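# Structural overview for review
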There are 2 protein chains.
Amino acid sequence: MPAATTIKDVARRARCSIASVSRVVNDSGPVSGPLRQRIAAAVAELDFSPSEVGRSLALKRSRTIGVLVPSVTNPVFADCLAGLQDAARRAGHAVLIAQSNYEAGREAEAIAPLIAERPAGLVLTVCDPASSEARRRAAAAGIPTVLLFNEPAPAVGTEIDVEANAGGGAVVTVDNRGAGRELAAAVLARGHRRLAFVAGRFESSDRARARFEGFRDALTAAGLPVAPPIEIDFLDGADHIDLTEVLARLQPTAIVASNDLLAIGVMAALRRHGLAVPQDVSVAGFDGIAIGRLIAPSLATVEWPARAMGTAAAAMLLDLVGPRGGKPTAARTLRLPHLIRPGGTLADAPVTSCLPLETSP
Amino acid sequence: MPAATTIKDVARRARCSIASVSRVVNDSGPVSGPLRQRIAAAVAELDFSPSEVGRSLALKRSRTIGVLVPSVTNPVFADCLAGLQDAARRAGHAVLIAQSNYEAGREAEAIAPLIAERPAGLVLTVCDPASSEARRRAAAAGIPTVLLFNEPAPAVGTEIDVEANAGGGAVVTVDNRGAGRELAAAVLARGHRRLAFVAGRFESSDRARARFEGFRDALTAAGLPVAPPIEIDFLDGADHIDLTEVLARLQPTAIVASNDLLAIGVMAALRRHGLAVPQDVSVAGFDGIAIGRLIAPSLATVEWPARAMGTAAAAMLLDLVGPRGGKPTAARTLRLPHLIRPGGTLADAPVTSCLPLETSP
DNA sequence: GACGTCGATGTAAACGTTTTCACCAAGGTA
DNA sequence: TACCTTGGTGAAAACGTTTACATCGACGTC
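Summarised in this report is the structure supplied together with it. (Residues numbered from 1 in each chain as written. Chains lettered and ligands numbered in written order. Predicted model: local features only at pLDDT ≥ 70, side-chain atom pairs only at ≥ 80, totals over all residues. Heavy atoms only, no water.)

Residues and elements named next belong to chain B. The contact between helix H5 (residues 75-90) and helix H14 (residues 306-321) brings their axes to 7 Å, and the two run at 40°. Judged by the inter-axis angle, H5 sits oblique to H14. Seen along the crossing, H5 lies across H14 with a hand that is right-handed. From H5, Val 76, Asp 79, Cys 80, Ala 82, Gly 83, Leu 84, Asp 86, Ala 87, Ala 88 and Arg 90 reach across to H14, where they touch Ala 306, Arg 307, Gly 310, Thr 311, Ala 313 and Ala 314. Broken down by class, the residue content of the contact of H5 with H14 amounts to 9 nonpolar, 3 polar and 4 charged. (Axes fitted to C-alpha atoms, helices over the stretch in contact; angles between N-to-C directions. Helix = DSSP H or I, 4+ residues; strand = E, 2+ residues; numbered from the N terminus. Parallel < 35°, antiparallel > 145°, perpendicular 65-115°, else oblique. Left-handed = near helix turned anticlockwise from the far one by under 90°. Contact = heavy atoms within 4.5 Å. Nonpolar A, V, L, I, M, F, W, Y, C, P; charged D, E, K, R; others polar.)

This is the structure we're talking about:
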């Protein structure tokens, strides 16, 4: 293999010291016209591009951002990642990825390789920010961290961590609980009175929990009983959701799922029971993934700007890191707005199925 | 920030040289029992984990794999990426990502940050392997490369590149053209005679081109005319596909799309025209994305093991790199099998709509 | 004419590892 | 006894950068 050309090769070719080459490449410090030209020519001829690893070592900081998501196969995280990667690239940073597979126990080992690369910062979506070992490790290593989609939580650990986690608890997220309330309210507004909630496992997602809490708020406010949520494996659970029991017991006229992927899985499950969406049962989800728009009936959901959230997370992290170690300028908590997206899966409650239920006086 | 602990800190604490620490950490070279214990203790107490950037510099090779895909928002690439990341992690490697947004012109700049990190190798899905500037750059930098999903193509460039691109043209892919043939044959078998093909732009995807060629093969073999394909922007084109013209001109009873995302977009477009799938028009795609199973009607498609392809690409790359620079042992071209997945979107051709067509004698 | 300033350049240290080499002691063989 | 091995250890070089510092000449000012 033709060993990559180094700054020394360029210096030799331009008949100067490596310091001058560095000055030209980074445009730091003064270099005379003629020498600058010779160096530029040498760089071009040798196709020199400086080694980030050498640079990282010298600078004690790399131009790399580490990202941990539950899984890149959930479109909402893929969107985030796409936005984040794009923003990072524009800022001259590379992106390292890791996945926890929605298991809190795997988070720490998942980000170990990221931390070993001494990244400029980390963007994490963890199962539970309050107890996240991964978050603690990042703080202990002194790596600035932005939480994505998680609920804001107090800075981890003790004194050293507070200092380490510059900006203590930076986060780009949405109002999960509020969205849950609004979505449930929208469902209630259509006359539904028996609602079920299908969620990814709460221990895997504070988002799912917060959305359910919002859902519960709305039902409680309407004076309705709240059935316990049905918890499903996030990773492949959507493929074969079993609604037999809840359909028999609760006979819901509407089912809210904690994300769109699960909502689509719920629709498939209902179909297996011979139930039509939305004629027999309405369905709604969270995330606003693109596919939800294209399917029939289109998916009623809560839409948030996933891609922009990735972009924002990158921006916040880079601000946190600071161009010159300066103090961060922007806010440390960003809650992006959401929007109830109406869809064909949400319709008025069927009149008939209200009958067998005990009616309120 | 508490500066990360280094090998020197450990050495000081264990009262020995950094060489011995390195020997213990990497289990290279002999260390006496007592000293080994002291060092292990110091490592544990200081929570030392070696800096990959220091290591990379010394070794002149990093434990990082760079991946370029058109976009992580296409589930088939997300699946690949998930598998690849998982395999890489198990092998102690980190994964850097880049996206070309399906634009050949962006590939080179997209992988520049990856190359700058001096990765152990690259996994690329490019628009056109034969003319890919990104591939040429990687070869010029002497970085082993595996193509993913692309058609195998001759090694790029001239002599030096052949040497550089160890294993000249390693590739993990599928039989795109064969799959196109088989899928078209399956559609023809249902009695369809007027077929349209909706593709991502050919200049963005040799896969789309190969699949169309297979489609054409089958139609030609059946003595049918082949209409020119309808080319769509990959990135957001699926959201608003315009079929007005092709529906008016060709009046197809079946539409094949070059991937599942587009196929789902085609279904939405047909619906806007008031056409029912599959009663009026059948639809089929390629990739076998998970969502295709859950929607109604379920999507007929060609399924390949996307996740396993990512895993395989990682394995092949690591083999190419070699644990100790040894010669690669495994095959350099891997074509994984595919499977026609029947689905509700593909049904018999409607009898009525055969009438207005000129029938073959 | 002495002195300071400033621009242009080079030298060398530092960053955190791995690894080669040298050294030393202990033990075996001739 | 003289000699080689062999296990254990440390010193130091190397990897590719950045940057603090030193040097030197030219120029301006008093």
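Residue and element names in this part refer to chain B. Taken as a whole and judged by the stated rule, the model has 16 aromatic pairs over all chains. Each ring, one from Phe 197 and one from Phe 212, has its centre 5.2 Å from the other, and the planes form 65°; the classification is edge-to-face. On the criterion of sequence distance, the pair formed by Phe 197 in strand E6 (residues 195-200) and Phe 212 in helix H10 (residues 206-221) is long-range, its members being 15 residues apart. For the pair Phe 197 and Phe 212, a shared accessibility class is recorded, and that class is buried. (Phe/Tyr/Trp six-rings, centres within 6.5 Å; stacked < 30°, edge-to-face > 60°. Buried < 20%, exposed > 50% of the residue type's maximum accessible area, 1.4 Å probe, protein only.)

Another point: the nonpolar core. Core analysis: the largest hydrophobic core is formed by 162 residues, its most contacted members being Leu243(A) and Leu243(B). With near-sequence residues (within four places) excluded, Leu243(A) lies in contact with Val198(A), Ile255(A), Val266(A), Ala269(A), Leu270(A) and His273(A). Formed by 32 residues, the second largest nonpolar core is a distinct cluster that contains Ala94(A), Ile115(B), Val126(B) and Val171(B). (Core = buried A, V, L, I, M, F, W, Y, C linked by side-chain atoms within 4.5 Å.)

This paragraph deals with the interface of chain A and chain B. Between chain A and chain B, the residue contacts involve 52 residues of the former and 51 residues of the latter. Carbon and sulfur atoms make up 62% of the area that chain A and chain B hide from each other, which totals about 4,600 Å². Put simply, chain A and chain B have 0 salt bridges between them. Taken together, chain A and chain B are joined by 16 residue pairs in polar contact (both at pLDDT 80 or more). If you list the elements that add at least two residues to the side of chain A that touches chain B, you get helix H4 (52-59), helix H5 (75-90), strand E2 (94-99), helix H6 (104-116), helix H8 (159-164), helix H12 (260-272) and helix H13 (291-294) of chain A. A total of 7 residues in the side of chain A that touches chain B trace back to one element, the largest contributor, which is H5(A). (Buried area = accessible area lost by both parts, 1.4 Å probe. Salt bridge = Lys/Arg side-chain N within 4 Å of Asp/Glu carboxyl O. Polar contact = N/O pair within 3.5 Å; in protein donor to acceptor, adjacent residues only side chain to side chain.)

This brings us to the relation of the copies chain A and chain B. With an RMSD of 0.1 Å, the operation that places chain A on chain B is a rotation of 180° combined with a shift of 0.0 Å along the axis. With respect to symmetry, the two chain copies, as superposed, fit the operation of a two-fold axis. By C-alpha distance to the rotation axis, the residue of chain A lying nearest is Leu96(A), at 2.3 Å. (Least-squares fit on C-alpha atoms with pLDDT ≥ 70 in both.)

What follows covers the protein's contact with DNA strand C. Not every one of the 27 residues close to DNA strand C is listed here, only the nearest: Arg23(A), Ser32(A), Ile7(B), Ser22(B) and Asn26(B). For DNA strand C, the fraction of protein-proximal atoms (within 4 Å) that sit in sugar or phosphate groups is 66%. Take Ser20(A): an N or O atom from its side chain is 3.1 Å from a phosphate oxygen of DNA strand C. Taking Leu57(A), its main chain carries an N or O atom lying 3.5 Å from a base oxygen of DNA strand C. At 5 residues, helix H4 (residues 52-59) of chain B tops the list of elements feeding residues into the surface near DNA strand C. (Near = heavy atom within 4 Å.)

All names here are of chain B. Overall, the coordinates contain 0 disulfides over all chains when judged by the stated rule. Of all cysteine sulfurs in the structure, the one in Cys 127 sits closest to Cys 80, which takes part in no disulfide; the separation is 15 Å. The class for Cys 127 is buried, based on a relative accessible area of 1%. (Disulfide = S-S within 2.5 Å.)

Residue and element names in this part refer to chain B. Strand order in the open sheet formed by 6 strands is E7-E6-E8-E9-E10-E12, with mixed pairing between adjacent strands. The sheet is open, and its two edges are formed by strand E7 (230-232) and strand E12 (339-341), each paired on a single side. The sheet shows a mean angle of 20° between the axes of neighbouring strands, direction not considered. Both strand E8 (residues 254-257) and strand E9 (residues 282-287) contribute to a ladder of 3 bridges, which runs parallel. Note that in E9 the partner of Ile 255 across the bridge is Val 283. Strands E6, E7, E8, E9 and strand E10 (300-303) of the sheet are contacted by helix H12 (residues 260-272), whose axis makes an angle of about 160° with E9. (Pairing = 2+ DSSP bridges.)

On to the protein's contact with DNA strand D, then. Near DNA strand D there are 27 residues, and of these Ile7(A), Ser22(A), Asn26(A), Ser51(A) and Ser32(B) occur at the shortest range. Sugar and phosphate atoms constitute 68% of the interface atoms of DNA strand D, taking the interface as everything within 4 Å of the protein. Contacts to DNA strand D include Ser20(B), whose side-chain N or O atom sits 3.1 Å from a phosphate oxygen. With respect to DNA strand D, the backbone of Leu57(B) contributes an N or O atom lying 3.4 Å from a base oxygen.

Packing of H4(A) against H4(B) brings their axes to within 9 Å, and their N-to-C directions diverge by 130°. In terms of their interaxial angle, H4(A) and H4(B) are classed as oblique. Considering only the axes of H4(A) and H4(B), their crossing is left-handed. Residues Val53(A), Gly54(A), Ser56(A) and Leu57(A) of H4(A) touch H4(B), and the partners they reach there are Val53(B), Gly54(B), Ser56(B) and Leu57(B). Residue classes in the contact of H4(A) with H4(B) are distributed as 4 nonpolar, 4 polar and no charged.

Turning to helix H3 (residues 33-46) of chain B, a few remarks are in order. Residue and element names in this part refer to chain B. Given a rise of 1.5 Å per residue, 14 residues ought to cover 20 Å, and the 20 Å separating the end C-alpha atoms of H3 matches this to within 8%. Listed in full, the buried residues belonging to H3 are Leu 35, Ile 39 and Ala 42. Down the axis of H3, the buried side of the element spans an arc of 60°, and every buried residue falls inside it. Across from the buried face of H3, at angles greater than 90 degrees, the exposed residues are Pro 34, Gln 37 and Ala 44. Buried positions along H3 lie against helix H1 (7-14) and helix H2 (18-26). Of the residues trailing H3, Asp 47 is marked for its positive phi of about 55°. (Expected span 1.5 Å × (residues − 1). Arc of directions from axis to C-beta.)

Right, let's get into the pattern of salt bridges. Per the counting criterion, the structure on display carries 44 salt bridges over all chains. The residue Arg13(A) makes a salt bridge to Glu45(A) at a minimum N-O spacing of 2.6 Å. Highlighted residues: Arg13(A) in helix H1 (residues 7-14) and Glu45(A) in helix H3 (residues 33-46), separated in sequence by 32 residues. You can call Glu45(A) exposed: its relative accessible area is 51%. As a salt-bridge pair, Arg190(B) and Asp348(B) come within 2.8 Å of each other at their nearest N and O atoms.

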